[in-house]
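# Examining the three-dimensional arrangement
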Amino acid sequence: MKALAPSDNSAPSLSPPLKWAGGKRWLLPHLRPLWQASDASRLVEPFCGGLAVALGLNPPQALLNDVNPHLIHFYQALQRGLALDDPALQNDRAAYEAARARFNALIDAGAAQSIEAARLFYYLNRTGYNGLCRFNRSGRFNVPFGRYKTIAYARDFASYAPTLRRWSFTCADFADLDPLRPDDFLYADPPYDAPFTQYSQGGFSWADQERLAEWLAAAPCPTVVSNQATERVLALYHRLGFEIALLDAPRRIACTGNRASAREMLAVRNLPPSSFIARQ
């Protein structure tokens, strides 16, 4: 296995609009040279998450998917030019808990695809604990209040609309995406192989990890995947013929208070060997 050396650390033109636990903005210096070497015309992300990779690479076309319907609804609202008209966005526990109750009431009422729900999703994301997006088995949002000293809320997202309108957003299982093309660039950042998997109502099991790896291995295009570098993840991708590098990832959330770097895997297929910039 190799330890990956980054290229230049060019900043993306647009910052991700959400706080996102496990966001991959830090990974862009490693992904950008792979994207540039692939000569791809479309970025495909089965787990688009906080959009750090898509906004950082800024592809002309993109198919961005996630199983979290509230997240995808928020991005579709950004495509239409979402604005927040609530003058009283508050970094306050009582206000947060009231907004969370209202958001869950909209879910229960079948109104989770409303503009009100998109606005509440943004407020809950920015105000809740550490950018977590967590739902219980009943599909209700259950992230606690974040206790930040200050929060810089955005109100007008017009700058995102021109970029996001070039891209397609879907909410589906990765295996149900439209057929991949040879000129795609496929980047997958699934939920980590870790105890916390309740990112969406259905969770993401080890069987899902195996199913994903097999699907990625069969892709006809340049393919890159990141995940926590557990022994079984490394063995799985090695068995499927991926070239693997190990990275020290910043640890964004740790219930013990440990903020030391965490070991992460970056695995690639269908890329020219010289494009996997690495050092022994």
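To be clear, the structure that these remarks concern was listed above.
The notes below deal with the structure included here. This one's a predicted model, so the numbers in the text were calculated from it and none came from an experiment.

This part takes up unusual backbone geometry. The phi torsion at Arg-147 lies on the positive side, around 60°, for a residue other than glycine. Its location among the elements puts Arg-147 in the loop between helix H5 (115-127) and helix H6 (161-164). A positive phi angle, close to 65°, is found at Asn-270, a residue other than glycine. With relative accessibility at 41%, the residue Asn-270 sits in the partly exposed group.

The next subject is the environment of Val-53. By secondary structure assignment, the location of Val-53 is in helix H2 (residues 52-57). A relative accessible area of 3% places Val-53 in the buried class. Taking the C-alpha atoms as reference points, Val-53 and Trp-26, separated by 27 residues in sequence, lie 9.3 Å from one another. Not counting the four nearest positions on each side in its chain, Val-53 is found in contact with Lys-24, Leu-28, Leu-31, Glu-45 and Tyr-187.

The full count for this structure, using the stated rule, is 18 aromatic pairs. Measuring from ring centre to ring centre gives 6.1 Å for Phe-74 and Phe-121, while their planes differ by 45°; the resulting arrangement is tilted. Pair noted here: Phe-74 is in helix H3 (residues 69-79) and Phe-121 is in helix H5, with a separation of 47 residues, a long-range link. Relative to Phe-157, the ring of Tyr-122 lies with its centre 5.0 Å away and its plane at 80°, an arrangement referred to as edge-to-face. Within this pair, whereas Tyr-122 is found in helix H5, its partner Phe-157 is found in the loop between H5 and H6, the two being separated by 35 residues in sequence. Assigned by exposure class, Tyr-122 and Phe-157 land together as buried. Cluster of aromatic residues (ring-pair linked, three or more members): Phe-74, Tyr-75, Phe-103, Phe-121, Tyr-122, Phe-135, Phe-141, Phe-157, Tyr-160 and Phe-169. The ring of Trp-206 has Arg-232 lying over it, and the distance from NZ or CZ to the ring centre is 4.1 Å. Above the ring of Phe-242, the side-chain terminus of Arg-269 is found at 5.5 Å from the ring centroid.

A separate point is the packing of H3 against H5. It is at 9 Å that the axes of H3 and H5 come closest, and there the two elements cross at 105°. Classed by the angle they form, the pair H3 and H5 counts as roughly perpendicular. Of the residues in H5, those touching H3 at His-70, Leu-71, His-73, Phe-74 and Ala-77 are Ile-115, Ala-118, Phe-121 and Tyr-122. Its residues placed into classes, the contact of H3 with H5 shows 7 nonpolar, 2 polar and no charged.

Here, the word disulfide means a covalent bond between the sulfur atoms of two cysteines. Across all of its chains, the model carries 0 disulfides by this definition. Cysteine Cys-48 shares no disulfide, and the gap to the nearest cysteine sulfur, in Cys-171, comes to 9.4 Å.

Relative to the assigned elements, Arg-126 resides in helix H5. Ignoring any residue separated from it by four or fewer positions in sequence, one finds Arg-126 in contact with Pro-17, Leu-18, Lys-19, Tyr-148, Ile-151, Ala-152 and Tyr-153.

Looking at the secondary structure, you find Asp-66 in the loop between strand S3 (61-65) and H3. With relative accessibility at 2%, the residue Asp-66 sits in the buried group. A polar contact is formed between the side chain of Asp-66 and the backbone nitrogen of Asn-68, at a distance of 3.0 Å.

What counts and how
- Residues numbered from 1 in each chain as written.
- Predicted model: local features only at pLDDT ≥ 70, side-chain atom pairs only at ≥ 80, totals over all residues.
- Heavy atoms only, no water.
- Helix = DSSP H or I, 4+ residues; strand = E, 2+ residues; numbered from the N terminus.
- Buried < 20%, exposed > 50% of the residue type's maximum accessible area, 1.4 Å probe, protein only.
- Contact = heavy atoms within 4.5 Å.
- Phe/Tyr/Trp six-rings, centres within 6.5 Å; stacked < 30°, edge-to-face > 60°.
- Lys NZ or Arg CZ within 6 Å of the ring centre and 35° of its normal.
- Axes fitted to C-alpha atoms, helices over the stretch in contact; angles between N-to-C directions.
- Parallel < 35°, antiparallel > 145°, perpendicular 65-115°, else oblique.
- Nonpolar A, V, L, I, M, F, W, Y, C, P; charged D, E, K, R; others polar.
- Disulfide = S-S within 2.5 Å.
- Polar contact = N/O pair within 3.5 Å; in protein donor to acceptor, adjacent residues only side chain to side chain.

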